[in-house]
Amino acid sequence: MESSLLVTKFTIPPKPQNVVPRVWLIDTLESSIPHHKLLLLSAPAGYGKTTLLSQWANSSRMPVVWLSLGEEDNDLERFLRYLVAAWGEVQPAVLESPLGLRLSAMMPDINAVLPAFINLVNSSTDTIVFVLDDYHLIEEPAIHQALTFLLDHLPPALTFVLAGRSEPPLPLSRYRARRELLELRTEELQFVQEETADFLTRVMGLDVAQGEVARLQDQMEGWIAGLQLVALTLQRRAGGRDPLVISGRHRFIADYLNQDVLAYLSENMRQFLLQTSILDRLCAPLCDAVTGQGDSQGMLEALERDNLFLVPLDDSRHWFRYHRLFADFLREEFTRRHPEEVADLHSSAARWYLERDLAEPAFHHAVEGKNLELLVQIFNRYVNAKLMAGELRLIKRWFDLIPAEWIAAYPPFALAQAGLFAYTGAFESCLHCLDEVEQKLLPAESKDRRQQLARVTAVRCFMACIMNDLKQAEGFADRALRDLPEEDLGFRPGIYGALGDTYRQNGRWQEAKACYVRALDFARAPGIRVQSVHLFGALADLDLRQGRLHSAADYWRKALACIQDRENWGRLSLPVIGWVYIRMGELLYEWNQLQEARDHLSRGLERAELGGDIRALIAGCVITARLKLSEGDVNVAAQYLEQARPLVEKAPFADWTSRFERCQLELWLAQDKLRAAVNWADAMQQGGALEQRPESEVTHLAIARVQIVKGDLPSVERALSLLGRLLVVAGVEGRAGVQAEALALQSLAHAKRGQQVQAMTSLETALRMAESEGCVRLFVDLGLPMARLLQEAQSRAVMPDYVEQLLAAFGANHSGSPQAEKMLLEPLTAREQEVLQLLAAGLINREIAEQLIISAETVKKHVANICDKLDVSNRTQAAAKARELGWLG
């Protein structure tokens, strides 16, 4: 419903069923717009500004972005967000641009948004037109300033068209002097006599003599709305009456509408028009709710058929509005005739919107209806959700519209103020506000006193969670949940979500998961659409701790679905969005779905950079570096790690520090810098460095990997000891992913010691733990030694399907051919390739050393590395295998 309603703001109004074609004006627009940066249609109500623009826009060869403005759009952030959302209706790629990404997040940096707008326009070669209809309703100076900035920096390919009743407060004289402004005012917009004749005879179906047309043209001076009023009167008048005379177009319009329009309508139609005049937009179900009748669809169809000032807002003709002039008249007339009904009808509209979770129009009508009970319902239900979505300006505007005495007297409003203080970091003011509310409630005898006190306690729970005071948070949560009704949608899900975060922060994983699941049970809660992204992400992280990759991926996909839900546009932060894409990319990488992983990581990094989120940037750079290493692109991998390094050095994220260091280790190994890796591992095992790190299993695994690659007996023994302790702890904690990785490394360590049986036993156990989750890179990233073990497992028919899949990921067909074996071999460094060429030419170590200007001892180490990588035992075999593989020229 919300999407359906908002799309009407972005939709070019469809052509009326009968309309006078304004060919010369349309041609003027089409030919002149590309040569001006601003086109202004300024005239009083009733001169056909919107109708003309819709005729032109529906036939133009240029892309037209349409935005219908309302009084509610007097907020710069909201205005820009709608402007870009409307642009996205015409060019969807805009929503994925840096501009679209910035505005898709809550609380965007406006100082960055406006230059991003200009940059995006500059990158486009297509002419595009932005139509802002009813711009006279915009009064916010910040919007006029922003539009002026855009106009002053626009390239020739873009034009703004502003339509309104008055001249906008923009530097128009400057644009006139530069010939950048095209103006169409009353004189150009009014009907000429031929158009008046066409309108009266063809559109309105009247038999009007040429002399009468000329007289009406002279009286009305081409005022289109006035001609329509005359035509409606003539349709209803019996023949033979005196000629119709109208003068003082605007002074007597209300009397005229009363006497010559409303008076000729049926009582039912007249009542329908007056009662529905309180609505800014109309659809049949809403009108039924307001009028208490069931025939609104027929009424709307009759109004449109009779050209009675009804404007369709979408092609399906589901949503409409009254012509602005007619709506103003109807509202004033209804208030004059039936002042006692106005509040009740607004309340009916508020209830209809509230039932459909449309908080803002519900609030507007509740205020107009002075309905305290509905306002309390709206605050109890939506304020937490709005605060979580960062809609702080909206809540402040709500407070500006509520009578001050209500805010002081009714706890729900004071609680909302406390929440606003909490979300803006004014914690002392929040607690002070809660104390005041509690003092008022304790001696009270109202029937909802207990429930209101429970809400106070709930906010105290939120504050305790912010302070990471788990014991106090648990106490407040127990008290609040005991007294809040089960159907409470405003506070219960918030308590579970906040408590889940605090449990997670304190390492109490099962309690955290239980709270997150309970929060998601409140599917109807208004805030759950926004909060669920965080809840799904938290559950995914918890599943990853247990090695449940598929379940984690399901949660990340649900989070992505929430992000991509149009109704969440502008309600989530860029860091959150980037984080979800990056972590989903991590899982796709583990499954070796590299193209999909690359796409997700790219999207995530772009959002993390725009949002300035350090943690997401570290994660994205580290995972992307791993991906680049898997592709053999060592230089680019190094660049990503260097991008992350300064962030890691100043960030307090111990888990991502460990993962950065492990990726750095993998890079050193790929660069043949074993000494750097060994030095790092030695340093990490001194001075209790490991014990000071929370979540240190990544570091333990990295150290074991270095010791195994180093390969001497003491190092391998240390690796086995370290892995043994890690397996015990991971088993107790149910960390299946850590267990599988530790077992894979354990199999490599046993193989280094020549313990083939133990190596196969550890490998098979690792495979059985990893197969159900589809792990691939866990094994493949261990390189050639693991490939050899997997080939051995294949020869023994150990889990043949899974092993075949893993070997395929190494890029070989495993037929035993030299080409297949070559693809599985660990590549030689540049220096090793030089040594191999000279070795194959028959030079001894001393001769090679002299030719390469290195020591004989260094040559000896290179020869040992070459033999190890080629899986041979001496120089002669190395030369023979290199020739077989085609490595020698």
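For the structure itself, consult the block above.
This one's a predicted model, so the numbers in the text were calculated from it and none came from an experiment.

How each quantity is defined
Residues numbered from 1 in each chain as written. Predicted model: local features only at pLDDT ≥ 70, side-chain atom pairs only at ≥ 80, totals over all residues. Heavy atoms only, no water. Helix = DSSP H or I, 4+ residues; strand = E, 2+ residues; numbered from the N terminus. Buried < 20%, exposed > 50% of the residue type's maximum accessible area, 1.4 Å probe, protein only. Contact = heavy atoms within 4.5 Å. Areas by Shrake-Rupley, 256 points an atom, 1.4 Å probe, with all protein chains shown as cover. Lys, Arg positive; Asp, Glu negative; His and termini not counted. Charge placed at Lys NZ, Arg CZ, Asp CG, Glu CD. Phe/Tyr/Trp six-rings, centres within 6.5 Å; stacked < 30°, edge-to-face > 60°. Pairing = 2+ DSSP bridges. Axes fitted to C-alpha atoms, helices over the stretch in contact; angles between N-to-C directions. Core = buried A, V, L, I, M, F, W, Y, C linked by side-chain atoms within 4.5 Å. Arc of directions from axis to C-beta. Salt bridge = Lys/Arg side-chain N within 4 Å of Asp/Glu carboxyl O. Parallel < 35°, antiparallel > 145°, perpendicular 65-115°, else oblique. Left-handed = near helix turned anticlockwise from the far one by under 90°. Patch = residues over 30% accessible without salt bridge, like charges linked within 9 Å, V, L, I, M, F, W, Y side chains within 5 Å. Expected span 1.5 Å × (residues − 1). Disulfide = S-S within 2.5 Å.

The next thing to look at is the overall build of the chain. In terms of helices and strands, the chain carries 48 helices and seven strands. Referenced to the eigenvectors of the C-alpha coordinate spread, the extents of the chain come out at roughly 125 × 75 × 50 Å. Within the span of the chain, comprising 889 residues, buried residues form 56% of the whole. Considering only residue pairs separated by 6 or more positions, the chain has 67% of its internal contacts joining residues 24 or more positions apart. As displayed, the chain offers around 38100 Å² of accessible surface, 50% of which is attributable to carbon and sulfur atoms. Averaging the positions of the 95 positive and the 116 negative side-chain charges in the chain gives two centres separated by 4 Å.

For any pair of aromatic rings, geometry is given as the distance between the ring centres together with the angle between the planes. Applying the stated criterion across every chain, the model contains 19 aromatic pairs. Here the aromatic rings of Tyr322 and Phe326 are separated by 6.1 Å at their centres, their planes lie at 85°, and the arrangement is edge-to-face. Side by side, Tyr322 and Phe326 carry an identical accessibility label, which is buried. Centroid distance Phe326 to Phe329: 6.3 Å. Interplanar angle 25°. Geometry classified as stacked.

This part is about the sheet that holds strand S2 (residues 64-68). With respect to topology, five strands assemble into an open sheet ordered S2-S3-S4-S1-S5, the strand pairing being parallel. Each edge of the sheet is formed by a strand with only one pairing partner; in this case those strands are S2 and strand S5 (181-185). The average angle at which neighbouring strand axes cross in this sheet is 15°, direction not considered. For strand S1 (residues 38-42) and S5, the ladder comprises five bridges, and the chain directions are parallel. Paired with Leu38 across the two strands is Leu181, which belongs to S5. Each of S1, strand S3 (128-133) and strand S4 (158-164) is contacted by helix H7 (residues 141-153), which is oriented at about 145° to S4, the strand it contacts most.

Take the nonpolar core next. General note: in soluble globular proteins, nonpolar side chains tend to be found buried as a group. Of all hydrophobic cores here, the largest spans 150 residues; its most connected members are Ile495, Leu763, Leu767, Phe779, Met786 and Leu790. Every residue in contact with Phe779, bar those within four places of it in the chain, is listed here: Ala744, Leu763, Ala766, Leu767, Ala770, Met786, Tyr802, Leu806 and Phe810. Listed in part, the 110 residues of the second largest apolar core include Leu41, Ala302, Leu354 and Leu387.

What follows is about helix H46 (residues 845-852). The complete set of buried residues in H46 reads Ile848, Ala849 and Leu852. Projected down its long axis, H46 carries its buried residues within an arc of 100°, all on one side. Seen from the buried face of H46, the exposed residues on the opposite side, beyond 90 degrees, are Glu850 and Gln851. On its buried face, H46 is in contact with helix H45 (830-840) and helix H47 (856-870). Taken from the residues just after H46, Ile853 is the one with a positive phi, measuring 60°.

Let's shift gears to the pattern of salt bridges. In the structure shown here, the tally under the stated rule is 58 salt bridges. Residue Arg176 pairs with Glu167 through a salt bridge whose shortest N-O separation is 3.4 Å. Classification of Arg176 as partly exposed rests on a relative accessible area of 36%. We note a salt bridge from Lys513 to Asp543, for which the minimum N-O separation is 3.3 Å. Of the two residues, Lys513 is situated in helix H28 (residues 509-520) and Asp543 in helix H29 (residues 528-545); the sequence distance between them amounts to 30 residues. Connected via shared salt-bridge partners are Lys9, Glu72, Asp73, Arg78 and Glu360.

What follows is about the packing of helix H25 (residues 449-466) against helix H27 (residues 492-505). Contact geometry of H25 with H27 gives a least axis separation of 9 Å together with a crossing angle of 20°. Taken together, H25 and H27 sit at an angle that is classed as roughly parallel. Every pair of crossing elements has a handedness; the one defined by H25 and H27 is left-handed. Contacts between H25 and H27 pair Ala458, Cys461, Phe462 and Cys465 from the former with Gly494, Ile495, Ala498, Leu499 and Thr502 from the latter.

A contiguous patch of positive charge, built from Arg675, Lys710, Arg718 and Lys861, is present on the exposed surface. Secondary-structure assignment places Lys710 in helix H37 (residues 697-710). For Lys710, a relative accessible area of 32% gives the class partly exposed.

Taking 1.5 Å of rise per residue, 17 residues should cover 24 Å, and helix H18 (residues 339-355) covers 26 Å from first to last C-alpha, within 8% of that figure. The complete set of buried residues in H18 reads Val342, Leu345, His346, Ser347, Ser348, Ala349, Ala350, Trp352, Tyr353 and Leu354. Two residues or fewer after H18 comes Asp357, characterised by a positive phi angle close to 60°.

It is worth spelling out the environment of Gln417 at this point. Examined against the element boundaries, Gln417 turns out to sit in helix H23 (residues 411-423). For Gln417, a relative accessible area of 28% corresponds to the partly exposed category. Residues Gln417 and Phe522, spaced 105 residues apart in sequence, show a C-alpha to C-alpha distance of 24 Å. Ignoring sequence-local partners within four residues, the contact set of Gln417 consists of Phe399, Ile407 and Cys433.

A few words on the packing of helix H35 (residues 654-670) against H37. In contact at an axis separation of 8 Å, H35 and H37 are set at 15° when each is read in the N-to-C sense. By the criterion of interaxial angle, the relationship of H35 to H37 is roughly parallel. Judged by the twist between their axes, the crossing of H35 over H37 is left-handed. Mapping the contact onto sequence places Ser658, Arg659, Arg662, Leu665, Glu666 and Leu669 in H35 and Val698, Thr699, Leu701, Ala702, Arg705, Val706 and Val709 in H37.

It is worth spelling out the state of the cysteines at this point. This model, assessed by the stated rule, comprises zero disulfides. Cys433 takes part in no disulfide bond, and the closest cysteine sulfur to it belongs to Cys430, at a distance of 7.1 Å. Look at Cys433 and you get buried, because its relative accessible area is 8%. Cys515 carries a free sulfur, and the closest cysteine sulfur to it, the one in Cys465, is 8.9 Å from it. The buried category is assigned to Cys515, whose relative accessible area is 8%.

Before going further, it helps to examine unusual backbone geometry. Leaving glycine aside, a negative phi is the common case for residues, and trans is the common case for peptide bonds. The backbone of Arg179 shows a phi angle near 60°, a positive value even though the residue is not glycine. Counting through the fold element by element, Arg179 comes out in the loop between helix H8 (172-177) and S5. In this structure, Met799 is a non-glycine residue whose phi angle is positive, near 40°. With respect to the secondary-structure elements, Met799 resides in the loop between helix H42 (784-795) and helix H43 (800-809).

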